[in-house]
Amino acid sequence: MAPDPSIVATLFEAARIQFESGNVAQSEQAIVALLAENPNHFHGLQMLAQLREVQGRHKEAVALWEHALKINPRHAFPWTRRAILLLRDNWGIAPAARRGQPDQPGISVARVGVAGRFGNQILQYGVGRLIAERHALAFEAPDWIGRDLFLFDDPLLSQPARPSIENGEQAAMRALIDPPLAEASPKAMLNGDLFGFFQGPTGQWAAQRDNFRRLFAFGGRAATAVDFAWNQLAGKGNPVVAIHIRRGDFGTKRFWIAPTEWYIAWLAQVWPQLPGAVLYVATDDTAVIADFKQFDPVASGNIADPLPGAEFLIDFAMLMRSPVLGISNSSFSFVAAMLNTNLAIGFRPDRKRSCMIPFDPWNAPVLLP
């Protein structure tokens, strides 16, 4: 029998009110009844997962986040919460947040971890953090996986929340380009919550390249895992040629998928010029690795143990360190290229030309139409 929409709506509203009021038992009762009526209610699953986190029932919370991801694989919040729980259960808690300055002019980036996955999160956090540093503003960020991977200890979001900054992306680009504000200058234009995807031409703020790269150095257990994997990979050949084949939640509109044939044609051209090279295939679909068998490819499973919650980490780090890159039309590999200080050759797929074309990650749009 199909769920009754009116019953579902009533139960969800009751659960939401109790949840926001901090009434755990009453909220749980309403959510359990809601999910009995509709087991695939996306927002109900998220609410129950958050309650399980509060209760310390992390294994159950992870299962609920994974259920929510199956229903809506493009949504970043279940992905982020699953990653955080698994990482901290395996690696320990992230650094404690420093005390904030909610009464000071400042920037927050409240939607990091909610709007977009890892590549987007790095762009959102990095732009906000650079603006705060450049203009001597307070900075706040939510709980996100950057605290685990890069050991960030930024103050958490203050309450009440900072107001949204109008025209966030345009304001951010101005703030990255304009001279720093003088101490006596009014800072209202940069006092609030900043949101944007920042996927326009990176040449606008290329002067901040070194500062952006400085922010994202792996720390702790992440650094150990990444260094081990890189040493394993580099020992298999030189130079390392890394490609990214993104499948997963892509495939529509501007998130189009490039066929592996474009990568194979490009590799056939460059491979004779790279004696001793090793090919690394970063992908969320291991079935595509077989397409590159003529190049004897290496994947993350060949050089590192799985990292629960950070299954993407080795791929990202290898893209971030390899001197020859063939990325996908994805913020994940584009941002890795932005952070890559070893990059000598970079190519990306171009749908208009149906082939791989050269690109400069600091003078190009993040995604191509």
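Residues numbered from 1 in each chain as written. Predicted model: local features only at pLDDT ≥ 70, side-chain atom pairs only at ≥ 80, totals over all residues. Heavy atoms only, no water.

K.L.:
Is there a simple way to think about the pairing of strand 8 (residues 355-358) in this case?
P.N.:
Each regular strand carries side chains that alternate between the two faces of the sheet. Taken together, the four bridges between strand 7 (residues 345-350) and strand 8 define a ladder with antiparallel strand orientation. Following the sheet pairing, P349 is matched in strand 8 by M356. (Pairing = 2+ DSSP bridges. Helix = DSSP H or I, 4+ residues; strand = E, 2+ residues; numbered from the N terminus.)

K.L.:
Which parts of the structure should I look at to understand the side chain of Q124?
P.N.:
Along the chain, Q124 falls in helix 6 (residues 118-134). Not counting residues within four places of it along the chain, the set of residues in contact with Q124 comprises V109, R111, V112, A115, F195, G196, F197 and F198. (Contact = heavy atoms within 4.5 Å.)

K.L.:
Sorry if this is basic, but what is going on with the sheet that holds strand 8 here?
P.N.:
Think of a sheet as strands paired side by side through backbone hydrogen bonds, with each pair either parallel or antiparallel. Read from one edge of the open sheet, five strands run 5-4-6-7-8, paired in mixed fashion. The strands lining the two open edges of the sheet, one partner per strand, are strand 5 (278-283) and strand 8. The average undirected angle you get between the axes of adjacent strands in this sheet is 20 degrees. Across the sheet, helix 13 (residues 313-321) lies against strand 4 (240-245), strand 5 and strand 6 (324-326), angled at about 135 degrees from strand 5, the strand it touches most. (Axes fitted to C-alpha atoms, helices over the stretch in contact; angles between N-to-C directions.)

K.L.:
Can you walk me through empty space enclosed by the protein in this structure?
P.N.:
The probe, sized like a water molecule, is rolled over the atoms to show the empty space still left. Counted according to the given criterion, the structure contains two cavities of 30 Å³ or more. Of the pockets and cavities examined, the largest cavity occupies roughly 60 Å³. Class assignment for the residues of the lining of the largest cavity results in seven nonpolar, three polar and two charged. Its volume calculated, the second largest cavity comes out at about 30 Å³. If you go around the second largest cavity, the residues you meet are V109, R111, V112, Q124, L194, F195 and F198. In terms of residue class, the lining of the second largest cavity is built from five nonpolar, one polar and one charged. (1 Å grid on protein atoms, 1.4 Å probe; cavity = no way out; pocket = protein on both sides within 12 Å on 5 of 7 lines; lining within 4 Å. Points joined across faces, edges and corners; volume = space filled by probe spheres on them. Nonpolar A, V, L, I, M, F, W, Y, C, P; charged D, E, K, R; others polar.)

K.L.:
Explanation requested: the sheet that holds strand 3 (residues 192-193) in the structure shown.
P.N.:
The strand order 2-1-3 describes an open sheet built from three strands, whose pairing is parallel. Every interior strand has two partners, whereas the edge strands, strand 2 (138-140) and strand 3, have only one. One ladder, built from three bridges, connects strand 1 (residues 106-108) with strand 2; its direction is parallel. If you follow S108 over to strand 2, its bridge partner there is E140. Where helix 6 meets the sheet, it contacts strand 1 and strand 2, and its direction lies at approximately 160 degrees from that of strand 2.

K.L.:
Please explain the pairing of strand 7 as it appears in this structure.
P.N.:
Strand 7 sits mainly inside the fold: five of its six residues count as buried. Where strand 6 and strand 7 come together, three bridges link them in parallel fashion. The residue of strand 7 that forms the bridge with V324 is I345. In this view, the connection linking strand 6 to its parallel neighbour strand 7 by way of helix 14 (residues 331-338) has right-handed handedness. Here strand 7 hands over to strand 8 after four residues, with S354 in that stretch at a positive phi of 55 degrees. (Buried < 20%, exposed > 50% of the residue type's maximum accessible area, 1.4 Å probe, protein only. Right-handed = clockwise from strand over helix to strand, strands pointing away.)

K.L.:
Would you explain the pattern of salt bridges in this entry?
P.N.:
Applying the stated criterion across every chain, the model contains 23 salt bridges. The salt bridge involving D148 is made with R88; its shortest N-O contact spans 2.8 Å. Residue D148 is found in helix 7 (residues 146-149), and its partner R88 is found in helix 5 (residues 76-91); the two are separated by 60 residues along the sequence. Neither residue differs from the other here; D148 and R88 are each classed as buried. Residue D193 is joined to R111 by a salt bridge in which the shortest nitrogen-to-oxygen separation is 3.5 Å. (Salt bridge = Lys/Arg side-chain N within 4 Å of Asp/Glu carboxyl O.)

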